[in-house]
Amino acid sequence: MQLKNGVLSGKSYVPDGLSKAQYEKLRKAEVNKKEANYQRNVKKAGIFMDYTDFYIKRGTDTKDDWIRTVTRGHDMAKTKFDWSGASTDVDKLPESFISGGKKKKGRK
């Protein structure tokens with residue numbers, strides 16, 4: 001048995017400032033939003049990463065030199081900027097690289 005929103009009758013609560021039709025529309029939108037979120041999460045069910053491929057890619061299936069790398073075997077996220085400073089494209093550099101460092105705080 002699935003729960004559903006009740007039907008508004010003549011004696012049902014309707015928030016002050018809304019008509020019965022507006023309140024029904026709002027309640028229906030909330031139900032639709034909740035159902036869309038549920039369906040979005042249902043689509044993610046059963047999707048997982050194959051750890052065998054992960055270990056082979058990382059190199060931990062046959063050797064242990066991965067522990068001495070900078071990331072220690074972790075997958076690193078991309079950042080918005082090129083923090084290495086190797087890029088000459090100004091759009092890809094953080095503002096602190098372009099302006100020459102941090103601005104001084106306080107009085108002159």
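This report concerns the structure included in the present document. Everything quoted here is computed from the prediction, not taken from an experiment.

Focus: the overall build of the protein
Step number 1: In terms of helices and strands, the protein carries three helices and zero strands.
Step number 2: The order of α-helices and β-strands along the protein, N terminus first, is α-α-α.
Step number 3: In the protein, the share of contacts with a sequence separation of at least 24, taken over all contacts with a separation of at least 6, comes to 3%.
Step number 4: Total accessible area on the protein stands at roughly 10,700 Å², and carbon and sulfur atoms take up 55% of it.

Re the side chain of Arg 27
Step number 1: Among the structural elements, Arg 27 can be located in helix 1 (residues 20–44).
Step number 2: In this structure Arg 27 touches Asn 5, Gly 6 and Leu 8, once residues within four positions along its chain are discounted.

Examining a nonpolar patch on the surface
Step number 1: On the surface, Met 49, Tyr 51 and Tyr 55 cluster together to form a nonpolar patch covering roughly 330 Å² of accessible area.
Step number 2: With respect to the helices and strands, the residue Tyr 55 is situated in helix 2 (residues 51–58).

Some points on helix 1
Step number 1: End to end, helix 1 covers 37 Å across 25 residues, agreeing with the expected 36 Å (1.5 Å per residue, within 8%).
Step number 2: Gly 46 sits one or two residues past helix 1 and shows a positive phi near 85 degrees.

Rules used in this analysis
- Residues numbered from 1 in each chain as written.
- Predicted model: local features only at pLDDT ≥ 70, side-chain atom pairs only at ≥ 80, totals over all residues.
- Heavy atoms only, no water.
- Helix = DSSP H or I, 4+ residues; strand = E, 2+ residues; numbered from the N terminus.
- Contact = heavy atoms within 4.5 Å.
- Areas by Shrake-Rupley, 256 points an atom, 1.4 Å probe, with all protein chains shown as cover.
- Patch = residues over 30% accessible without salt bridge, like charges linked within 9 Å, V, L, I, M, F, W, Y side chains within 5 Å.
- Salt bridge = Lys/Arg side-chain N within 4 Å of Asp/Glu carboxyl O.
- Expected span 1.5 Å × (residues − 1).

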